[in-house]
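# An overview of the molecular structure
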Number of protein chains: 4
Amino acid sequence: MSDIRVTVWGENVHERTNAVVRGIYPEGMHSTIAAALNAAGGITARTATLDQPDHGLPPGSLEETDVLLWWGHCAHGEVQDAVVDRVCNAVWSGMGAIFLHSAHFSKPFKRLMGTPCNLTWREAGERERLWLTSRNHPIAAGLPDHFELEHEEMYGEPFGIPDPMETVFVSWFQGGEVFRSGVTYKRGAGKVFYFRPGHETYPTYHDAHVQRVIANAVRWAHNPAPRVADPCDAPNVPVDTALEPITERGPRLHGQDDRGFR
Amino acid sequence: MSDIRVTVWGENVHERTNAVVRGIYPEGMHSTIAAALNAAGGITARTATLDQPDHGLPPGSLEETDVLLWWGHCAHGEVQDAVVDRVCNAVWSGMGAIFLHSAHFSKPFKRLMGTPCNLTWREAGERERLWLTSRNHPIAAGLPDHFELEHEEMYGEPFGIPDPMETVFVSWFQGGEVFRSGVTYKRGAGKVFYFRPGHETYPTYHDAHVQRVIANAVRWAHNPAPRVADPCDAPNVPVDTALEPITERGPRLHGQDDRGFR
Amino acid sequence: MSDIRVTVWGENVHERTNAVVRGIYPEGMHSTIAAALNAAGGITARTATLDQPDHGLPPGSLEETDVLLWWGHCAHGEVQDAVVDRVCNAVWSGMGAIFLHSAHFSKPFKRLMGTPCNLTWREAGERERLWLTSRNHPIAAGLPDHFELEHEEMYGEPFGIPDPMETVFVSWFQGGEVFRSGVTYKRGAGKVFYFRPGHETYPTYHDAHVQRVIANAVRWAHNPAPRVADPCDAPNVPVDTALEPITERGPRLHGQDDRGFR
Amino acid sequence: MSDIRVTVWGENVHERTNAVVRGIYPEGMHSTIAAALNAAGGITARTATLDQPDHGLPPGSLEETDVLLWWGHCAHGEVQDAVVDRVCNAVWSGMGAIFLHSAHFSKPFKRLMGTPCNLTWREAGERERLWLTSRNHPIAAGLPDHFELEHEEMYGEPFGIPDPMETVFVSWFQGGEVFRSGVTYKRGAGKVFYFRPGHETYPTYHDAHVQRVIANAVRWAHNPAPRVADPCDAPNVPVDTALEPITERGPRLHGQDDRGFR
């Protein structure tokens, strides 16, 4: 079996403009994540960033991407709608997508969820403890029933997402909040995972447990089937090709070669 | 208990431009649906159409609407994005929403689902039989286990929707297809129902079973709680107001009065 | 509209055998809960206990019960299987069911879930904070985004339940755990809600927030439709009554009047 | 990667007592299914039958089974409860389970679902057409959007199951019914798939599409993680091992070494 092809998309702004973030992730968070995936086995990860042409995701690039990871924060609004369309179409066609931390407010995640994806937050470097709520889920393979991140930003409920297909992790925060921090969805032929940790001023993506969750999630989200050719197609099925013999009856709005309305 | 306040939104194009449709719905489909709801008891329905200013849904109008029904077909693309935003915000705040037939491709439905919402179709006036798949569901109150529409447009699977919260009806078609024709979702505080029947060249909205499903769905979708004030708000919770006493630790990205990024 | 008819089932063992519990609930927890429901408006609640004939739930009693509440702990094993069957049949027919606290391990809850329903626990009188995860859900009507119980038993994840239809509350515990403390399900025509708080050595069922959740849940779980007559029936549909004309073909296992195998 | 270890459980009654069934499946349906799986690649399938000691599933056997397939019909009632317990425990621990056709009424399936699992039926050798409702689902890998079985027993809605995690197939029947014929669930750490076709008087398990669905489902249901050691365990977490320092407060019901009630 050939490697799973991953693209790690990073906004890459605070890594360049904030000394603390640059100190923790000198090559950018996306590079740290990609390096961890490349070391995990069976995965080949490349990176793409906001400042590249087409944000590093030109037409055709997602056909070569089995699973896309997305981290963004301060520049959600700068992501071009054409790229958002491209990402959503790829997911609907079968690409896996993993949204990290502040990507809860990214354009493609909000588009795929159909909800505000809002939450409460506090940046105090407090303790987060992630509890496994779906024992032996592939995304939790090799993990204990709970693990801790000593310093993280707090995200609190209510989290404005649709009820998930599966809840895999729920977080406890030192300051008194909880959060559904690992949730799965299907959108068309694509699998989607949201994973909460990863505030840029803490070394979260250097954590072995976090790296393992992300590598597991890549394997879980990978759909080896050939992509759906046109995931939005709504074909007319002419009467004379109906699977059971029928005769057209009554009035008709559409002409013979009508392609339908959108 | 006061009446449930319904707005029936109709595109109202084919009713004016197509003689067959005008013959069946001289006042427009929206008026037929609203009249049936007003006769059902406990519901006060008004109408709104595409050609009105703000498509009949100006700012403030949805605060007075408990449940919105939406029928559109040939003019999906003419619906202004500001109105789509208004509808989605109202749903997230607690308004119920019922999407009828070709509204599967309407902008607000696609936005709320996060998927292409595509399907196959055939306009041949064939028989549709709707089977109840969730016995005694409130949306099916008073209905038999199945009912028929002698002439309908066919919609066939695969239907590009997320796996529903509940599947209430599945349709059988004479030409050999099936379709999940009644499905429920939650989006924020709002309940959403999609109901398949209702091609404009057939008298579907005059059918007693169909009218009953729609009235039932209005009652099911009605959330009597006060609307969520700002359904997209993502408030910061300052350290000194944390529910458990914590001390700020480590570096910080956001300033004291930061409102977060979007 | 007539009142919702509720039966509050209580094991009523520790209230008689343990001085602490008797001090908090001199008439039994079931009586405290029933009194709160009777004061809530639109609800008429009676009680039933383990020590009564048929555990207070004789044949026919559940036909007069719109919503059943269940609290049990030390005597799960003493509940007769005939009563468990009766409860499950009533739920499948349309009765609502609310399982409280240690009823996670009751026979009817485990039967309805199809999973072990296990968890971790600690009896230390620690603080529990319940967070709303589904804003404006009917079960949370009139409640703030979070509320606290100063002394409760801890229940921790992983909680061995199926992924819920909706998660309404998630709990934070002082000792570091989290728990999905309010979850909804459909089972046949019946709605099911599990609500975590309620350890017998603490005054939880005297708490106004808890009482409100339970009254809300009763209204949510109530299905006003007539009960399904035989929720397990699997009727044969003879060829000559098929909705579409078909001719019997090929070999046949069942005789003409066969009722099917179980 | 080593082969997935499958056990195909067959009731094996009609194959011995009914000439038609024996003619189609001289070695039993279980043998036909196992042979197809052994030919599919990456799967090693053995069989087990009702008439064997412990129904061929003695203690320990399921630890060596990654995925269990179950076909039963006329002898559901003869399956020992100890074996049902063993199967459910194995599923909760991580074993995959696939229930075929009339196994909708088998003891383990009903136990895992928590619902009656009833339906309507007709044995007339009519045409069934299965429609894919979840494009590119792993269980549908390599399959067209629909395929037909010229002779099958009809199963009709309403089907008394919980709303599935995913609906993969919906069937159309010549006589006018529909049925959710491929549905997925999670139960504990185990994945469960129900697949409708397979009446014993028709050659369904010789069909290439059906064989492909079953082999796909085996791969989908396989959870390579080590089994959960005791899937029903509910451990006490003593105060002095709490993850956050807490002090015991208030009264206490349980003794120091209490194992909890069931």
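Under an unreviewed UniProt entry, the name given to chain A is Trehalose utilization protein ThuA, and the source organism is Fuscovulum blasticum DSM 2131.

A few words now on the overall build of chain A. Of regular secondary structure, chain A possesses six helices and nine strands. Along the first, second and third principal axes, the C-alpha set of chain A runs to 70 × 40 × 40 Å. In chain A, which comprises 262 residues, the proportion classed as buried is 65%. By sequence separation, contacts in chain A at least 24 residues apart represent 71% of the contacts at least 6 residues apart. As displayed, chain A offers around 8400 Å² of accessible surface, 51% of which is attributable to carbon and sulfur atoms. Within chain A, the 33 negative side-chain charges are centred at a point lying 2 Å from the centre of the 24 positive side-chain charges.

The next thing to look at is the pattern of salt bridges. In this structure the tally under the stated criterion is 72 salt bridges over all chains. Among the ionic pairs, D:Glu244 bridges to A:Arg129, the shortest N-O distance being 2.6 Å. With one member in each of two chains, D:Glu244 in the segment after helix 6 (208-221) and A:Arg129 in strand 5 (residues 120-132) form a pair that bridges those chains. What makes D:Glu244 buried here is its relative accessible area of 9%. With a relative accessible area of 0%, A:Arg129 lands in the buried category. B:Asp66 is the partner of B:Arg5 in a salt bridge, and the nearest nitrogen-oxygen pair spans 3.0 Å.

Residues and elements named next belong to chain C. Ordered by their spatial adjacency, nine strands build an open sheet running 2-1-3-4-9-8-7-5-6, and the pairing between neighbours is mixed. Edge positions in the open sheet fall to strand 2 (43-49) and strand 6 (146-156), since each of these has one partner strand only. Shown here is a sheet whose adjacent strand axes are inclined to one another by a mean of 25°, direction ignored. Note that strand 5 (residues 120-132) and strand 7 (residues 166-173) share five bridges and pair antiparallel. Note that in strand 7 the partner of Leu132 across the bridge is Phe169. Relative to the sheet, helix 4 (residues 81-93) contacts strand 3 (67-71), strand 4 (96-100), strand 8 (178-187) and strand 9 (190-195), its axis offset from that of strand 9 by approximately 120°.

The operation relating the two chain copies consists of a rotation about an axis and a shift along that axis. When chain D is fitted to chain A, the residual RMSD is 0.0 Å, and the transformation amounts to a turn of 180° plus an axial shift of 0.0 Å. One copy is carried onto the other by what is essentially a two-fold rotation axis. Taking the C-alpha atom as reference, chain D places D:Met165 closest to the rotation axis, 3.3 Å from it. Looking at the interface residues of chain D, 100% of them are also at the interface in chain A, so both copies use one shared face.

Okay, the sheet that holds strand 4 (residues 96-100) of chain B next. Residue and element names in this part refer to chain B. Spatially, the nine strands line up as an open sheet ordered 2-1-3-4-9-8-7-5-6, and their pairing is mixed. Each edge of the open sheet is held by one strand with a lone partner, namely strand 2 (43-49) and strand 6 (146-156). Looking at each pair of strands side by side, their axes are set apart by 25° on average, direction ignored. Along the sheet face, helix 4 (residues 81-93) touches strand 3 (67-71), strand 4, strand 8 (178-187) and strand 9 (190-195) and points at about 120° away from the line of strand 9. Packed onto the sheet, helix 6 (residues 208-221) meets strand 1 (4-10), strand 2, strand 3, strand 4, strand 6, strand 7 (166-173), strand 8 and strand 9 and runs at close to 165° relative to strand 9.

Here the residue pair A:Glu157 and A:Pro158 is connected by a cis peptide bond, since its omega of 0° sits within 30 degrees of zero. Here A:Pro158 lies in the loop between strand 6 (146-156) and strand 7 (166-173). Positive phi is not limited to glycine here, since B:Asp54 has a value of about 55°. Accessibility expressed as a relative area gives 29% for B:Asp54, which makes it partly exposed. One non-glycine residue, B:His55, lies in the positive phi region at around 55°. Within the element layout of this structure, B:His55 appears in the loop between strand 2 and strand 3. Exposure remark for B:His55: the relative accessible area of 4% places this residue in the buried category.

Our next topic: the confidence of the model for chain A. On average, residues of chain A score 96 in pLDDT, and 98% of them are at 70 or above. As a predicted assembly, this complex carries a pTM of 0.97 together with an ipTM value of 0.96.

Conventions used here
- Residues numbered from 1 in each chain as written.
- Chains lettered and ligands numbered in written order.
- Predicted model: local features only at pLDDT ≥ 70, side-chain atom pairs only at ≥ 80, totals over all residues.
- Heavy atoms only, no water.
- Helix = DSSP H or I, 4+ residues; strand = E, 2+ residues; numbered from the N terminus.
- Buried < 20%, exposed > 50% of the residue type's maximum accessible area, 1.4 Å probe, protein only.
- Contact = heavy atoms within 4.5 Å.
- Areas by Shrake-Rupley, 256 points an atom, 1.4 Å probe, with all protein chains shown as cover.
- Lys, Arg positive; Asp, Glu negative; His and termini not counted.
- Charge placed at Lys NZ, Arg CZ, Asp CG, Glu CD.
- Salt bridge = Lys/Arg side-chain N within 4 Å of Asp/Glu carboxyl O.
- Pairing = 2+ DSSP bridges.
- Axes fitted to C-alpha atoms, helices over the stretch in contact; angles between N-to-C directions.
- Least-squares fit on C-alpha atoms with pLDDT ≥ 70 in both.
- pLDDT = per-residue confidence, 0-100.

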